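Structural overview
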Amino acid sequence: MRKALLTVLAVLGAYLVTSGPAQAAETLLSQNRPALASSTENAGTPAAAAVDGNNGTRWASSFADNQWLRIDLGSTQSFNRVLLRWEAAYARGFQIQTSNDGNGWTTVHTTTNGTGGEQNLTVSGSGRYVRVFVTERATQYGASLWEFQVYGGTGGPIVRVAEFLADCAYTHRLPDDPIVFPNMPGASHMHSFFGATVTNANTTVDDLANSPTSCNPSVDRSSYWVPTFYSNNQPVEPTGTTFYYLGEGVRDDVIARIQPLPYGLRIVAGNAKATGPNDNTISRWSCLHAGDAGAGHDFITCPAGSMLESYLDFPQCWNGRDLDSPDHKSHMAYPVNGDCPSTHPVPVPKLRQVLRYPVNGSTAGFRLASGGGFTMHGDFFNAWPVDEMARRVNDCIRPIIKCGADGHP
Amino acid sequence: MRKYLVLALVAGLLGGCGAQPQPQPPAPAASVASAFNGTDAAWLGLMIPMDEQFLRILSFAPANSTDPAVRRLAAELTAGHQTELNQLIALRDRAKLPTVNAHAGHDMPGMMTDEEVAALQKLRGPAFDKVLRAEVKDHLAQSALVSRSAIAAGQEPGVKKLATAIEKDHTARAAALG
């Protein structure tokens, strides 16, 4: 049930992303939330005084470095601004840290030469707990705050879906496939490419790393391609081109240990040997905003005003060893019962390719360069910079937080 | 196979340091498995189903064509392609490549779809000859094209030798057809 719910949320999320929700008003997340401090100077300077909205009451620590004040936001929240109103006993060095469990902390801001007063910090973080950790006092006294405020930008709790994404518009067509037919220009049926603009039959991961890209975010230099779609023998390119990276498909405890997709990984997904609609169980067609039109492995007749859309989920279990394999598939596997099989023990983000074609109505004139709708397949050549992929896995996938193209909630 | 992939990766990483684009450097080691690179494997995996389908199509000619010249052409091509296919399969076995056709069910350049093959089998006389001649030209052109890639980017000597022979033969045959 949970998995089904997550799937529904992911699909809903896809719609929300497309429509581009406006940034809601800023919200003060920390007011009157439970606060805890490593120490207090006396009974008149409790931790709660820093989150009560009253600039006449304050928290003060014992006269030592390495003191902290922690706020419990109640649930995992994303925030983008922190306000500190220091009393005369301010901190020269401090960090803003977040945690989901109150034990392990991630530093999202560091100050080493603070001058006290009111400090307004633009930070980006998420977590249930936020704390100020005083590394160096400015005076012989402790650290003392009139107020410690944490602000969120979207005014609501974060969405509990393990997700980040890249939007990569169509770039070009070639009868090439650098995974299946390396260095063999013209050997393949026609492909439509997304992301890196240089991809051709000879492309290596280094070519991709140096390529311009159509992707948002532009740090994603990966290449994605599919057989070209034709309507009455005219090529039609998708106008919605989103590549989601998801945790769903495995249990939450498996999501928590998902590893970044390795740099240079190549995958072909979809049933390349499909000879009929029932051979291809991974790719599916449906209609945008018209779910009642149904879904299936072959083209769907979509109502007027709708768009034909293709969903394709890539395998999310890696053998931990090979960036490719002779059939371009067997180094990867789909999960079994919510976990990765022992042959492919490394869980990685699931790439979900969602393409929306500006066509509807009768499917009679529709075909793919590879054949019928059931021959839909996708190729992925990973060229995300290692650190960018790792950050997104760490910030979005493992803690199950819905992030956008920038890799932030 | 795994070894060649690892080597290909290492080669790719080394190749990325140069300022200008460069062709795939040859793999540094020479075990049997690593002798075949990705292009060798892809060429074998493509040429074998291409030739298998082509031989099937040619086999219709004795019954479906009434033109002695077409029958003679089909017989010549059949003999040449049967030899070629045996050589390709021998190389595939040596490379320990999977025997399954990874492209089955897909429209591929130079090949007919299963539906088109079934339709051709029902044609007789000049109607059959016309479609067969078009497919012969398509097949010869596409197999010569991908063989040129194997000559340029392939690695294993047996592959390069066979690709060279096929490219020469198919190009000459296509030219003779006009």
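Residues numbered from 1 in each chain as written. Chains lettered and ligands numbered in written order. Predicted model: local features only at pLDDT ≥ 70, side-chain atom pairs only at ≥ 80, totals over all residues.

All names here are of chain A. Tracing the sequence through the fold places Q95 in strand β5 (residues 91-99). Separated by 282 residues in sequence, Q95 and H377 have C-alpha atoms that sit 47 Å apart. When sequence neighbours within four positions are dropped, the list of residues in contact with Q95 reads T107, H109, T110, F133 and T135. (Helix = DSSP H or I, 4+ residues; strand = E, 2+ residues; numbered from the N terminus. Contact = placed C-beta atoms within 7 Å.)

The subject of this paragraph is helix α4 (residues 386-397) of chain A. All names here are of chain A. Compared with an ideal rise of 1.5 Å per residue, which puts 12 residues at 16 Å, α4 spans 15 Å between its outermost C-alpha atoms and is within 8% of the ideal. Residues of α4 that are buried: M389, R392, V393, D395, C396 and I397. Residues of α4 that are buried make contact with β9 (163-168), β16 (240-246) and α3 (252-255). (Expected span 1.5 Å × (residues − 1). Buried ≥ 20, exposed ≤ 12 C-beta atoms within 10 Å, placed from the backbone.)

Another aspect to go through is the pairing of strand β25 (residues 378-381) of chain A. All names here are of chain A. On β25, burial covers both faces: G378 and F380 on one face and D379 and F381 on the other are all buried. Relative to β25, strand β13 (residues 223-227) runs antiparallel, the two being bridged by three bridges. Each bridged residue has a counterpart across the sheet, and for W225 the counterpart in β25 is D379. As judged from the four bridges shared by strand β17 (residues 266-269) and β25, these two strands associate in the antiparallel manner. In the sheet register, R266 faces β25, and the bridge partner there is F381. (Pairing = 2+ DSSP bridges.)

What follows concerns the nonpolar core. Nonpolar side chains in soluble globular proteins generally cluster together in the buried interior. Counting 104 residues, the largest nonpolar core has W43 and L44 of chain B as the members making the most contacts within it. For this core, the element with the most residues is helix α2 (residues 38-58) of chain B, which contributes 10 residues. If near-sequence neighbours (up to four positions away) are discounted, W43 of chain B is found in contact with M184 of chain A together with V146, A150, G154, V159 and A163 of chain B. Formed by 31 residues, the second largest nonpolar core is a distinct cluster that contains A49, A89, Y90 and A91 of chain A. (Core = buried A, V, L, I, M, F, W, Y, C linked by C-beta atoms within 7 Å.)

Residues and elements named next belong to chain A. If you trace the five strands from one edge of the open sheet to the other, you get β10-β11-β13-β25-β17, paired in antiparallel fashion. In the strand order of this sheet, the two ends are held by β10 (170-174) and β17, each with one partner. Neighbouring strand axes in the sheet, compared pairwise and without regard to direction, differ in orientation by 20 degrees on average. (Axes fitted to C-alpha atoms, helices over the stretch in contact; angles between N-to-C directions.)

This part takes up the sheet that holds strand β21 (residues 332-333) of chain A. Residue and element names in this part refer to chain A. The three strands lie next to each other as β21-β20-β22, forming an open sheet whose pairing is antiparallel. The sheet is open, and its two edges are formed by β21 and β22 (346-347), each paired on a single side. Pairing analysis gives two bridges linking strand β20 (residues 317-318) to β22, with the strands arranged antiparallel. For C317, the partnering residue across the bridge sits in β22 and is P347.

Chain-level pLDDT for chain A is 90 on average; 90% of the residues reach the 70-or-more range. A low-confidence stretch, residues 1-24 of chain A (pLDDT under 50), is modelled with 26 contacts involving residues beyond four sequence positions or located in other chains. (pLDDT = per-residue confidence, 0-100.)

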